[in-house]
Amino acid sequence: MSYLPIIQKTIEKIEMSLHEELSLENIASFAGFSKYHFHRIFQKEVGVTVSEYVRYRRITNAAALLMYTDEKILDIAFTYRFESQEAFTRAFKKVYQLPPGQYRRIMSKITLQREERNMSQEQKIKGWLLSGSHPFHYEIGIDYGVVHKGKGSGYLKSVTVESPNEFGTLMQEFKADQYKNKRLKLSGFIKTKGLSGFCGLWMRVDSAMQDVLQFDNMSDRPITTDTEWNHYSIVLDVPDNGAVISFGILLNGHGQVWIDELKFEEVDKSVPTTNQSASHDLLDEPTNLSFEESLNE
């Protein structure tokens, strides 16, 4: 059984309720599980416990308010359900290694410098490249205001897209050597805005001859509407003749997509693959050669 749809529904609820009281009991009840069972499946899928997720999402949002607003630190602390400014400061320092006031002063200056620099030159991202059918109609960069965790997220957005069939991708690739004969899971958090087409994670395993061995771009479960941060994943087998693994985020048409906290991990065979060709079973013999049978029969 795949728990991902349940996890996504729950994360959507959490993201909408960060200003409210959020207990494990209430969240598990919303998901329809006991708190002990939900604790296990959430941590297995997302990599952190429910309480850890809620805490770092509140702190990340608080960091954005510190950088981009003049709200008082005490008001920010209360907004995100901290008991006092002291409790907020302790939790904030564990994540950002700075107290909130000092973080605001330092990061506001750094962010302003980055924005001024990015206005005068194309922004590059270490390890990533822009590709697609019309890459020059899209833009990639690092966003320090819209973040899932930490100090920045990657983004891909349309700039001069002319056709709904155009697409861009923020991507990278690496050697498959250490993952051969393993089942590999790519997961991460995605946020979208202004989509006219669709977007999603994608991953591909190619042979040395550039034959596609495994592939998934979430076309059977695309993101087509504006969404807050949520968790998505792809699972593919890396065959013995796999040579290159490519992956990234795909944006078809207009809009903007943010991506953060990408992670690769080896999983066992109990985790089903999302390889798109896996759903197309070959028939034992030819069928309906006279076209007399319909799909409804």
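Notes on the structure follow.

Parameters and conventions
- Residues numbered from 1 in each chain as written.
- Predicted model: local features only at pLDDT ≥ 70, side-chain atom pairs only at ≥ 80, totals over all residues.
- Heavy atoms only, no water.
- Helix = DSSP H or I, 4+ residues; strand = E, 2+ residues; numbered from the N terminus.
- Buried < 20%, exposed > 50% of the residue type's maximum accessible area, 1.4 Å probe, protein only.
- Contact = heavy atoms within 4.5 Å.
- Salt bridge = Lys/Arg side-chain N within 4 Å of Asp/Glu carboxyl O.
- Phe/Tyr/Trp six-rings, centres within 6.5 Å; stacked < 30°, edge-to-face > 60°.
- Axes fitted to C-alpha atoms, helices over the stretch in contact; angles between N-to-C directions.
- Parallel < 35°, antiparallel > 145°, perpendicular 65-115°, else oblique.
- Left-handed = near helix turned anticlockwise from the far one by under 90°.
- Nonpolar A, V, L, I, M, F, W, Y, C, P; charged D, E, K, R; others polar.
- Pairing = 2+ DSSP bridges.
- Expected span 1.5 Å × (residues − 1).

**A look at the overall build of the protein**
Of the regular secondary structure elements, the protein holds seven helices and ten strands. Principal axes of the C-alpha set define a box for the protein whose edges measure 75 × 55 × 40 Å. By residue count, 44% of the 297 residues in the protein fall in the buried class. Pairs at least 24 residues apart make up 74% of the contacts formed inside the protein by residues separated by at least 6 positions.

**Notes on the pattern of salt bridges**
For the structure shown, the criterion picks out 13 salt bridges. Lys35 is the salt-bridge partner of Glu25, the closest N and O atoms lying 3.1 Å from each other. Of the two residues, Glu25 sits in helix α2 (residues 24-31) while Lys35 sits in helix α3 (residues 35-46), which places them ten residues apart along the sequence. Note on Glu25: relative accessible area 43%, which makes it partly exposed. Its salt-bridge partner being Arg221, residue Asp216 comes within 2.5 Å of it at the nearest N-O pair. Accessibility expressed as a relative area gives 0% for Asp216, which makes it buried. Look at the salt bridges and you will find they share partners, linking Arg183, Asp237 and Lys269 into a network.

**Notes on the packing of aromatic side chains**
Throughout the structure, instances matching the rule amount to 16 aromatic pairs. An angle of 25° between the planes, with centres 6.4 Å apart, marks the rings of Phe33 and Phe38 as stacked. For Phe38, a relative accessible area of 0% puts it in the buried group. Taking 5.8 Å as the distance between ring centres and 50° as the angle between the ring planes, the aromatic pair formed by Phe38 and Phe42 counts as tilted.

**Here we look at the packing of helix α1 (residues 4-16) against helix α4 (residues 50-68)**
Viewed as axis vectors pointing N to C, α1 and α4 meet at an angle of 40°, and their least axial separation amounts to 11 Å. It follows that α1 is oblique to α4 by the angle criterion. As for how α1 packs across α4, the hand of that crossing is right-handed. For the pair α1 and α4, contact is made by Ile11, Ile14 and Glu15 and by Tyr53, Val54 and Arg57, respectively. Tallied by class, residues from the contact of α1 with α4 come to four nonpolar, no polar and two charged.

**Examining unusual backbone geometry**
Most of the time, phi is negative for any residue but glycine, and the peptide bond is trans. Of note in this structure, Gln97 is not a glycine but carries a positive phi near 60°. Inspection of the secondary structure assignment puts Gln97 in the loop between α6 (85-96) and α7 (100-120). Judged by relative accessible area, which is 58%, Gln97 ranks as exposed. For Met218, which is not glycine, the phi torsion reads 60° and is therefore positive. Locating Met218 in the fold gives a position in the loop between β7 (212-216) and β8 (227-238). Among the residues examined, Met218 registers a relative accessible area of 2% and is labelled buried.

**Structural notes on the sheet that holds strand β9 (residues 242-252)**
Read across the sheet, five strands follow the order β1-β4-β9-β6-β7 without closing on themselves; strand pairing throughout is antiparallel. At either margin of the open sheet sits one strand with a lone partner, and together these are β1 (129-132) and β7. Taken pair by pair, the neighbouring strands of this sheet meet at an average axis angle of 30°, ignoring direction. Sheet topology places strand β6 (residues 198-207) next to β9; ten bridges connect them, and they run antiparallel. Residue pairing for β9: Leu201 is matched across the bridge by Ile249.

**What about α4?**
With 19 residues, α4 extends 27 Å between its outermost C-alpha atoms, agreeing within 8% with the 27 Å of an ideal straight helix rising 1.5 Å per residue. Here α4 lies mainly inside the structure; 15 of its 19 residues are buried.

**Some details on the pairing of strand β4 (residues 167-175)**
As judged from the four bridges shared by β1 and β4, these two strands associate in the antiparallel manner. In the sheet register, Gly132 faces β4, and the bridge partner there is Gly168. With nine bridges joining them, β4 and β9 adopt antiparallel strand pairing. Looking across to β9, one finds that Leu170 is bridged to Ile249.

**A look at the sheet that holds strand β2 (residues 138-143)**
A sheet is described by the order of its strands in space; here five strands give the open sequence β2-β3-β10-β5-β8, paired in antiparallel fashion. Every other strand in the sheet has two partners, leaving β2 and β8 as the edge strands with one partner each. Sheet twist, expressed as the average angle between the axes of neighbouring strands with direction ignored, equals 30°. Bridging between strand β3 (residues 153-158) and strand β10 (residues 256-267) involves four bridges; their strand directions are antiparallel. Note that in β10 the partner of Leu156 across the bridge is Val257.

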